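Residue strings, one per chain:
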Amino acid sequence: MMRDLSNDRALISINSMTVKPWSLEQLVEGCARAGISAISPWRDIVQACGAERAGKLIRAQGMTVTGLCRGGMFPAADEAGRRAALEDNRRAVDEAAAIGAQCLILVVGGLPKGSRDLAGARRQVRDGLAALLPHARQAGVPLAIEPLHPMFAADRACVNTLAQANDLCEQLGDGTGIAVDTYHVWWDPELAREIARAGRNILAYHVNDWLVPTTDLLLDRGMMGDGVIDLRAIRAMVEAAGYRGHCEVEILSAENWWKRDPDEVLRICIERHQTVV
Ligand code: ZN
């Protein structure tokens, strides 16, 4: 399928993890320098800048914020832990609102320490989402549930497939949606069907690549085009489902991309976005 790629630069967004050494100020300035008009910061750099001040900087540059990364981590060993998680998530919603983020990305959390009750953890996620939702709706911040590759079920996210995320959205309704990250879902035999099922619930689309071999499960993500994911095919699926948002480049890469000059990383992101995404 041929696509008009001439305006593609407008559709790229840069997740702050891709240029990890940068502060929020550097991210905004660096992207503006590169002609990129959308970003998705993690909370650490937003908090370091101050959420209100970050919002002003972002608005002054006319930047789109495709998401705030991240809330979630709902399951806990006891009630106090779950309450603390909920409070932190409410703050994340407020930060997302302050910077005008299109959604709050949720990495939902895994097993509580010492637990083997995966089904119970998944119930805690659903209950945590339901408890957070009224605050998110009131703030006008959609919650984007991001299924993570099952290798993270124990420690990061026990929502591991788009089918699970779609089920949660159906149960919870208005104000919930899905973040599709190619690194986490590319392997799924139900990918096409579940992306179509998600439809307009797709709130964010994260791109990167799966390297062979992957030497670190968390911190060895590939640049688009360097791995085995059929990125064009997946983008066609999300666009056929109705997604009209950005392709957000999210590459956690401790040994490669984080060691390079971030301006150079952005140039390569743009080039790969135009040629392989
Ligand atoms: Zn992601």
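Preceding this section is the structure that the text describes.
Just so we're clear, the structure is a prediction, and the values are computed from it rather than from any experiment.

(A) Highlighting the packing of helix H6 (residues 162-172) against helix H8 (residues 191-198). Look at H6 against H8: their axes get within 9 Å of each other, and the N-to-C directions meet at 20 degrees. When the axis of H6 is compared with that of H8, the two are roughly parallel. In terms of crossing hand, the pair formed by H6 and H8 is left-handed. Judged by residue contacts, Leu162, Ala163, Asn166, Asp167 and Glu170 of H6 engage Leu191, Glu194, Ile195, Arg197 and Ala198 from H8. Looking at the contact of H6 with H8 residue by residue, the classes come out as 5 nonpolar, 1 polar and 4 charged.

(B) Inspection of the coordination of the zinc ion at higher detail. The zinc ion binds to the protein through Glu146 (OE), Asp181 (OD), His206 (ND1) and Glu250 (OE); the donor distances cover 2.0 to 2.3 Å. Taken together, the 4 donor atoms surrounding the zinc ion define angles of 85 to 149 degrees at the centre, an arrangement classified as irregular. For the zinc ion, all donor residues lie on one chain, and their spacing in sequence is E-x34-D-x24-H-x43-E. Taken together, the residues His206 in strand E8 (residues 202-207) and Glu250 in the loop between strand E9 (247-249) and helix H10 (262-275) connect sequence positions 44 residues apart. With respect to burial, His206 and Glu250 carry one shared label: buried.

(C) Geometry of the nonpolar core. Membership of the largest hydrophobic core comes to 80 residues, with the highest contact counts inside it found for Ile14, Leu104, Leu129 and Leu143. Examining the composition of this core, we find that 6 residues originate from one element, helix H5 (residues 118-139), more than from any other. Not counting chain neighbours up to four residues away, the residues in contact with Leu143 comprise Val93, Leu104, Leu106, Leu129, Leu132, Leu133, Ala136, Gly175, Thr176, Gly177 and Leu203. Membership of the second largest hydrophobic core comes to 10 residues, among which are Cys103, Ile105, Ala204 and Leu252.

(D) How the structure looks around the side chain of Asp209. Residue position: Asp209 is located in the loop between E8 and helix H9 (231-240). Buried charge without a partner: Asp209 forms no salt bridge, and the closest opposite charge is Arg272, 6.8 Å away. From its side chain, Asp209 meets the backbone nitrogen of Ile229 in a polar contact 2.9 Å long.

(E) Broad picture of the pattern of salt bridges. A complete count under the given rule lists 19 salt bridges for this structure. Among the ionic pairs, Arg33 bridges to Asp263, the shortest N-O distance being 2.9 Å. Here Asp263 lies in helix H10 and Arg33 lies in helix H1 (residues 24-34), a separation of 230 residues in the sequence. Residue classification places Arg33 among the exposed residues on the basis of a relative accessible area of 56%. Asp263 sits in the partly exposed class, given a relative accessible area of 24%. A salt bridge links Arg267 to Glu264; the nearest nitrogen and oxygen atoms lie 2.6 Å apart. In this pair, Arg267 and Glu264 are both assigned in helix H10, 3 residues apart and thus about one turn of the helix distant.

Scoring rules and cut-offs
- Throughout, a residue's number is its position along its own chain's written sequence, starting from 1.
- Two thresholds apply to this predicted model, a pLDDT of at least 70 for residue-level local features and 80 or more for giving and counting side-chain atom pairs, whereas whole-chain, interface and lining totals are computed over all residues.
- To get the side-chain values, take all heavy atoms of the structure and skip hydrogens and water.
- A fitted line through C-alpha atoms represents every axis, and for helices the fit uses only the stretch in contact; the resulting angles, taken between N-to-C directions, go from 0 to 180 degrees.
- We count a stretch as a helix when DSSP gives it H or I for four or more residues in a row; a strand needs E for two or more, and each element gets its number in order from the N terminus.
- Throughout, the term roughly parallel applies to angles under 35 degrees, roughly antiparallel to angles over 145, roughly perpendicular to angles from 65 to 115, and oblique to all others.
- We call a crossing left-handed when the near helix sits turned anticlockwise from the far one by less than a right angle, and right-handed when that turn is clockwise.
- Residues count as neighbours in contact if any of their non-hydrogen atoms are within 4.5 Å of one another.
- Charged residues are taken to be Asp, Glu, Lys and Arg, nonpolar residues to be Ala, Val, Leu, Ile, Met, Phe, Trp, Tyr, Cys and Pro, and polar residues to be all remaining types, Gly included.
- Sodium, potassium and calcium take a 3.2 Å donor cutoff, other metals 2.8 Å, and in both cases only N, O and S atoms count; water is not among them, so sites may look incomplete.
- Here the metal geometry follows the donor angles, with tetrahedral for four donors whose angles all fall between 85 and 135 degrees, square planar for four and octahedral for six when opposite donors are more than 155 degrees apart and every other angle is between 65 and 115, and irregular for all the rest.
- The classification of residues rests on relative accessible area computed with a 1.4 Å probe and restricted to protein chains. Under 20% of the type maximum is buried, over 50% is exposed, and intermediate values are partly exposed.
- Put simply, buried Ala, Val, Leu, Ile, Met, Phe, Trp, Tyr and Cys residues joined by side-chain atoms within 4.5 Å make one nonpolar core.
- Positive charges come from Lys and Arg alone, negative charges from Asp and Glu alone, with His and the N- and C-terminal ends not counted.
- When a carboxyl oxygen of Asp or Glu lies within 4 Å of a side-chain nitrogen of Lys or Arg, that pair is called a salt bridge.
- Counting of polar contacts relies on pairs of N or O atoms within 3.5 Å, with two restrictions inside protein: one atom must be capable of donating a hydrogen and the other of accepting it, and residues adjacent in sequence are counted only when both atoms are side-chain atoms.

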